[in-house]
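Overview (structure and organization)
This is what each chain is made of:
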Number of protein chains: 2
Amino acid sequence: MREIAILGIGQTPIAEHWDKSLRALAGEAVFAAMQDAGREQADGIFVGSMLSGLLSHQENLGALIADWVGLRGTEAVKIEAACGSGAAALRAGLIAVASGAMDSALVVGVEKMTETVGSQTTAALATAADADWEAAQGLSFVAINALIMRRYLHEYGWKHTDFAPFSINAHANAVHNPNARLRDPITPHDYNQARMVSDPINLLDASPIGDGAAAILLVPAETLKRQGQQVIAIAGSASATDSIAVHDRRDPLWLSAAETSARKAYAQAGVGPAEIDVFELHDAFSIMAALSLEACGFAERGQGPRLGLEGQIGPKGKVPVATRGGLKARGHPVGATGVYQAVEVIQQLRGEAGATQVPDAKIGMAQNIGGSGATILTHIFRTE
Amino acid sequence: MREIAILGIGQTPIAEHWDKSLRALAGEAVFAAMQDAGREQADGIFVGSMLSGLLSHQENLGALIADWVGLRGTEAVKIEAACGSGAAALRAGLIAVASGAMDSALVVGVEKMTETVGSQTTAALATAADADWEAAQGLSFVAINALIMRRYLHEYGWKHTDFAPFSINAHANAVHNPNARLRDPITPHDYNQARMVSDPINLLDASPIGDGAAAILLVPAETLKRQGQQVIAIAGSASATDSIAVHDRRDPLWLSAAETSARKAYAQAGVGPAEIDVFELHDAFSIMAALSLEACGFAERGQGPRLGLEGQIGPKGKVPVATRGGLKARGHPVGATGVYQAVEVIQQLRGEAGATQVPDAKIGMAQNIGGSGATILTHIFRTE
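It should be emphasised that the depicted structure is a prediction, and the values quoted were computed from it without experimental measurement. (Residues numbered from 1 in each chain as written. Chains lettered and ligands numbered in written order. Predicted model: local features only at pLDDT ≥ 70, side-chain atom pairs only at ≥ 80, totals over all residues. Heavy atoms only, no water.)

Some words on the overall build of chain A
Note the threshold: Under the DSSP-based scheme used, a helix requires at least four consecutive residues in state H or I and a strand at least two consecutive residues in state E, with every element numbered from the N terminus. Buried residues are those whose accessible area, probed at 1.4 Å on protein chains only, stays under 20% of the maximum for their type, while exposed residues exceed 50% and partly exposed ones sit between those limits. What makes two residues a contact is simply this: any of their non-hydrogen atoms within 4.5 Å. Reported accessibility uses the Shrake-Rupley method at a 1.4 Å probe radius. Residues are deemed covered only where the shown protein chains occlude them. As used throughout, the charge tally considers Lys and Arg to be positive and Asp and Glu to be negative, leaving His and the chain termini uncounted. For charged residues, the charge sits on one atom: NZ in Lys, CZ in Arg, CG in Asp, CD in Glu.
Within chain A, the regular secondary structure consists of 14 helices and 11 strands. Seen through its C-alpha atoms, chain A measures out along the principal axes to roughly 55 × 45 × 40 Å. Burial status across chain A gives 68% buried among its 384 residues. Contacts spanning at least 24 positions in sequence make up 78% of the contacts within chain A whose residues lie at least 6 apart. With the model as given, the accessible surface of chain A reaches about 12200 Å², and the carbon-plus-sulfur share is 50%. Side-chain charges of chain A comprise 30 positive and 40 negative groups, with the mean position of each set lying 2 Å from the other.

As structure tokens, this is what we get:
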């Protein structure tokens with residue numbers, strides 16, 4: 001497979017965009033990425049989205065978006081892997097260009113979640129769980145994560161407040177991200193006093209939903225090298241699965257699909273966790289941030305909260321995470337999130353991350369989770 | 001890209017499988033394909049499905065099916081392009097193996113449509129149309145096709161009864177297909193007297209929905225050639241889009257995405273329509289069969305019904321179509337249909353099509369349509 005580089009990135013603010021349709025949101029991100037790339041065309045379009053059918057009565061997003069952005073006729077398809085849809089679309093686009101089947105791919109993540117009533121959105125999100133064995137028992141998605149967090153506190157002896165740094169760091173970084181959903185800093189007191197959602201997950205453990213779109217244009221790295229341009233390449237890309245139902249796993253506190261996909265991506269890139277300068281992880285709930293750090297080798301098993309408590313997860317820390325706000329404060333428009341994460345890593349590698357820039361960032365990683373650990377994709381980006 | 005061959009195929013009967021879940025249906029097809037291939041493993045799983053979220057409250061089918069078929073951990077993803085999802089999954093699997101990212105891919109099409117009430121299923125199918133500009137006006141999917149057919153009759157002067165051969169041929173062939181949904185032969189009288197669904201489309205112009213799954217295992221052709229095995233290769237694969245909304249097309253009676261994807265697939269395979277021995281087309285409605293034949297070069301513009309009237313679409317005819325029953329009589333489990341079509345072409349090339357075997361079939365084509373022409377994929381298979 002030939003090496004693939006990122007030529008352009010774009011994103012919309014994450015908000016309640018009641019005045020913008022799915023296609024309008026996707027279009028904004030695509031036009032921004034095209035402008036950034038200095039191009040107006042792509043050979044293929046890969047759309048990551050989870051809920052367009054359930055919440056906007058619209059499937060076939062590939063054709064919809066191709067037409068809207070002026071690329072009617074162009075090959076286009078939708079990729080779905082629950083909340084991991086964005087990174088799954090990125091991987092599909094990457095493979096398509098790497099294969100030689102096409103010379104450029106536009107990857108778009110888009111989701112619209114705030115125009116429906118809450119119970120409908122909650123029911124739609126539960127389609128990421130096992131319909132027969134989890135959702136049918138009345139488990140919502142946050143409830144599943146609450147059971148995991150409760151078990152984690154029990155097994156490893158942490159207190160709920162030990163997870164505060166994840167949320168505090170995310171909010172602190174989002175203050176400086178104009179596209180973030182929640183741009184207010186929070187204090188440890190705020191975290192401890194936040195309203196309970198599903199014990200032990202409170203409002204500041206949980207990421208907010210939102211409407212938004214992000215886009216990336218991929219081309220062969222060789223194209224840029226020939227023109228003497230700076231190359232940010234995808235050095236590693238891998239995807240792995242686990243059972244959807246948490247009760248069916250050997251260890252409900254271990255993200256085996258995160259471990260597998262990270263191990264493969266590290267091997268492809270020839271690096272390990274020590275070489276990763278910035279890590280955009282999938283902090284849909286604070287417990288997921290801890291579990292990702294462990295499965296990817298940044299923390300020992302059961303020690304996920306430690307890096308936060310030691311002050312090492314900020315932009316100047318040892319393992320910077322959620323540098324643009326993460327899912328927790330940038331927001332979590334589910335099927336678009338994986339593309340936002342990639343866009344943010346690229347901003348860091350370009351040195352465009354402003355007040356939350358990680359000094360001298362050369363290698364970045366993004367990890368996107370579909371379901372409560374069922375489908376996990378890891379991508380490593382490198383400045384060359 | 002390296003050449004890809006089909007190692008195994010499998011399918012379930014298309015029926016009202018109220019006793020089988022999504023994963024059980026998919027599993028049946030996968031196990032059949034694995035047994036056919038003599039393998040128990042695949043490097044990646046590509047699931048084509050359109051309605052699992054809307055009708056079964058289940059997304060993330062990649063992980064769900066990987067786990068169920070004993071391949072927990074394996075990379076897996078769902079691909080969606082409305083009724084073109086099956087062929088879109090096939091193309092994604094093909095590209096993944098061709099790229100070298102993996103050495104085998106399991107392609108699964110699965111849909112479960114009969115357990116919900118009719119109005120819910122009709123609403124779900126309308127997500128393949130433009131939600132803002134078609135479905136919002138009250139147009140169902142069959143109504144959109146009825147408008148196209150009405151216009152076709154008006155423009156080209158055909159009578160409704162001229163479309164009878166498509167339906168009669170499909171039903172005649174399905175009699176001999178144990179997996180077909182409707183296995184009763186029909187007469188011209190039956191066709192002309194059938195109940196109206198959406199004028200001018202009557203019950204025998206429209207394909208029946210159903211529950212079912214089909215699967216294909218892809219490997220590099222080189223692997224089989226080294227072992228001296230017969231190779232059925234994918235000689236052409238292409239996808240193209242058009243506007244979703246029919247009113248937005250330059251010509252509502254021309255499937256430009258069928259033309260584009262067929263032209264690309266022909267060029268890749270180095271053949272033209274004259275070399276195609278069998279053509280599994282997307283006869284969701286009889287008008288679509290006519291339009292496909294025209295766009296792919298088998299008939300002149302506006303002359304789609306002629307081949308049928310001249311008796312040339314049967315297994316012994318010049319352009320055999322719907323040889324196992326087509327969407328019309330084999331059935332149309334929407335997201336699975338594209339995989340069924342490919343499986344049936346492979347049965348023909350293997351000489352396993354029984355009473356409806358096309359004599360000496362060496363090159364076959366399958367064309368799968370998402371929406372009323374919005375996303376169209378064409379695949380050409382060849383015995384080598």
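Here the narrative resumes, following the displayed structure.
Quick look at the pairing of strand 10 (residues 363–370) of chain A
Residue and element names in this part refer to chain A. We count it as follows: The pairing criterion for strands is at least two bridges between them, as found by DSSP.
Among the 8 residues in strand 10, 8 count as buried, and that is most of the element. With burial as the criterion, each face of strand 10 is covered, one bearing Ile363, Met365, Gln367 and Ile369 and the other bearing Gly364, Ala366, Asn368 and Gly370. Two strands pair when backbone bridges link them, and strand 9 (residues 278–280) and strand 10 are joined in this way by 3 bridges, in the parallel orientation. Note on strand 10: the bridge partner recorded for Phe279 is Met365.

As for the pattern of salt bridges
How we decide: For this analysis, a salt bridge means a side-chain nitrogen from Lys or Arg found within 4 Å of a carboxyl oxygen belonging to Asp or Glu.
Inspection of every chain in the model, using the stated rule, returns 46 salt bridges over all chains. Between Lys112(B) and Glu115(B) there is a salt bridge whose closest N-O contact spans 2.6 Å. Lys112(B) sits in the buried class, given a relative accessible area of 10%. When its relative accessible area of 48% is taken as the criterion, Glu115(B) is described as partly exposed. Put simply, Glu3(A), Lys225(A), Arg382(A) and Glu384(A) are held in one network by salt bridges that share partners.

Considering the state of the cysteines
Residue and element names in this part refer to chain A. The cut-off we apply is this: Criterion for a disulfide: a pair of cysteine sulfur atoms within 2.5 Å.
Following the criterion strictly, the structure yields 0 disulfides over all chains and no others. The thiol of Cys296 is unpaired, and the distance to the nearest cysteine sulfur, on Cys83, comes to 17 Å. On the basis of relative accessible area, Cys296 is assigned to the buried category, the value being 2%.

Topic: the packing of aromatic side chains
What describes a pair of aromatic rings is the distance from one ring centre to the other and the angle between the planes of the rings. Residues and elements named next belong to chain A. Heads up, the condition is: Only Phe, Tyr and Trp rings take part, Trp by its six-membered ring, and two of them pair if their centres are within 6.5 Å. Stacked means planes under 30 degrees apart, edge-to-face means over 60, and tilted covers everything else.
Per the stated rule, a full pass over the model turns up 8 aromatic pairs over all chains. Seen in terms of ring centroids, Phe163 and Phe166 are 6.3 Å apart; in terms of plane orientation they differ by 45 degrees. Their pairing is tilted. Each member of the pair, Phe163 together with Phe166, is buried. Considering the side-chain rings of Phe279 and Phe298, the 5.0 Å spacing of their centres and the 25 degrees angle between planes classify their relative orientation as stacked. You can see Phe279 sitting in strand 9 and its partner Phe298 sitting in the loop between helix 11 (286–295) and helix 12 (306–309), a full 19 residues away along the chain.

Points about the interface of chain B and chain A
Worth spelling out the cut-off: What gets called buried area is simply the loss in accessible area from a 1.4 Å probe that two parts show on being joined, summed for both.
Taken together, the 55 residues of chain B in the interface contact 54 residues of chain A. Buried surface at the junction of chain B and chain A, summed over both partners, amounts to about 4100 Å²; 49% is from carbon and sulfur atoms. In terms of surface lost to chain A, no three residues of chain B exceed Asn60(B), Glu80(B) and Thr241(B), which account for 15% of the buried area on that side. Applying the counting rule to chain B against chain A returns 10 salt bridges.

A closer look at the confidence of the model for chain A
When pLDDT is low, close inspection of the predicted coordinates is not appropriate. Quick reminder of the rule: Predictor confidence is given residue by residue as pLDDT, running from a minimum of 0 to a maximum of 100.
Summing up the model confidence of chain A, the mean pLDDT is 97 and the portion of residues at 70 or higher is 100%. Across the whole predicted complex the pTM is 0.98, and at the interface the ipTM reaches 0.98.

With respect to the relation of the copies chain B and chain A
Applicable threshold: Least-squares superposition aligns the copies on the C-alpha atoms of those residues with pLDDT at or above 70 in both.
Note on the copies: chain B fits chain A at an RMSD of 0.0 Å, the axial shift is 0.0 Å, and the rotation between them is 180 degrees. Viewed as a symmetry operation, the transformation between the two copies matches a two-fold axis. The rotation axis passes nearest to the C-alpha of Ser99(B) in chain B, at a distance of 2.0 Å. Looking at the interface residues of chain B, 98% of them are also at the interface in chain A, so both copies use one shared face.

Let's talk about the side chain of Asp242(B)
With respect to the secondary-structure elements, Asp242(B) resides in the loop between strand 8 (232–241) and helix 10 (256–269). Ignoring anything within four residues of it in the chain, the contact list for Asp242(B) reads Ala63(A), Arg72(A), Gly73(A), Arg249(B), Ser256(B), Ala257(B), Gly373(B) and Ala374(B).

Here's the deal with the environment of Gln347(B)
Residues and elements named next belong to chain B. Tracing the backbone through its elements, the reader meets Gln347 in helix 14 (residues 337–350). By relative accessible area, Gln347 is classed as buried at 10%. Taking the C-alpha atoms as reference points, Gln347 and Ile9, 338 residues apart in sequence, are found 8.7 Å from one another. Apart from the residues lying within four places of it in its own chain, the contact partners of Gln347 are Ile9, Gln11, Arg324, Glu352, Ala353 and Gln357.

A word on the environment of Met102(A)
All names here are of chain A. As for its position among the elements, Met102 is in the loop between helix 4 (85–99) and strand 4 (105–111). In the structure, Met102 is positioned 58 residues away from Gly44 in sequence and 7.1 Å away in space, judged by C-alpha atoms. Apart from the residues within four sequence positions on either side, Met102 is in contact with Arg2, Asp43, Gly44, Phe46, Glu75, Ala96 and Val97.

A word on the pairing of strand 8 (residues 232–241) of chain A
Residue and element names in this part refer to chain A. Counting buried positions along strand 8 yields 10 of 10 residues, so the element is predominantly enclosed. The pairing of strand 8 with strand 11 (residues 375–383) spans 9 bridges and is classified as antiparallel. Its bridge partner being in strand 11, Gly236 is matched across the sheet by Ile380.

Observations regarding helix 10 (residues 256–269) of chain A
Residue and element names in this part refer to chain A. Rule in force here: One less than the residue count of a helix, multiplied by 1.5 Å, gives the span that helix is expected to have.
Between its terminal C-alpha atoms helix 10 stretches 20 Å, which fits the 20 Å expected from 14 residues at 1.5 Å a residue. The elements touched by buried residues of helix 10 are strand 8, helix 11, strand 10 and strand 11. The first or second residue beyond helix 10 is Gly270, which carries a positive phi of 70 degrees.

So, the packing of helix 6 (residues 141–156) of chain B against helix 11 (residues 286–295) of chain B
How two helices pack is summed up by the angle between their axes together with the distance between the axes. Residue and element names in this part refer to chain B. Where we set the bar: Axis definition: a line fitted to C-alpha atoms, over the contacting stretch in the case of helices. Angles run 0 to 180 degrees between N-to-C directions. Any angle between 65 and 115 degrees counts as roughly perpendicular, while under 35 counts as roughly parallel, over 145 as roughly antiparallel, and the rest as oblique. Handedness of a helix crossing follows the sense of rotation of the near helix relative to the far helix, less than a right angle counterclockwise being left-handed and clockwise being right-handed. Residues are grouped as follows: Ala, Val, Leu, Ile, Met, Phe, Trp, Tyr, Cys and Pro are nonpolar; Asp, Glu, Lys and Arg are charged; all remaining types, including Gly, are polar.
Contact pair helix 6 / helix 11: the axes reach a minimum separation of 9 Å and the direction vectors enclose 60 degrees. In terms of their interaxial angle, helix 6 and helix 11 are classed as oblique. For helix 6 against helix 11, the interelement crossing comes out left-handed. In contact with Asn145, Ile148, Met149 and Tyr152 of helix 6, helix 11 contributes Ser286, Ile287, Met288, Ala290, Leu291 and Glu294. Residues of the contact of helix 6 with helix 11, tallied by class, amount to 7 nonpolar, 2 polar and 1 charged.

Overview of the side chain of Thr127(B)
Secondary-structure assignment places Thr127(B) in the loop between helix 5 (118–125) and helix 6. Judged by its relative accessible area of 2%, Thr127(B) falls in the buried class. Excluding anything up to four places from it in sequence, Thr127(B) contacts Gly53(A), His57(A), Gln58(A), Glu59(A), Met50(B) and Leu54(B).

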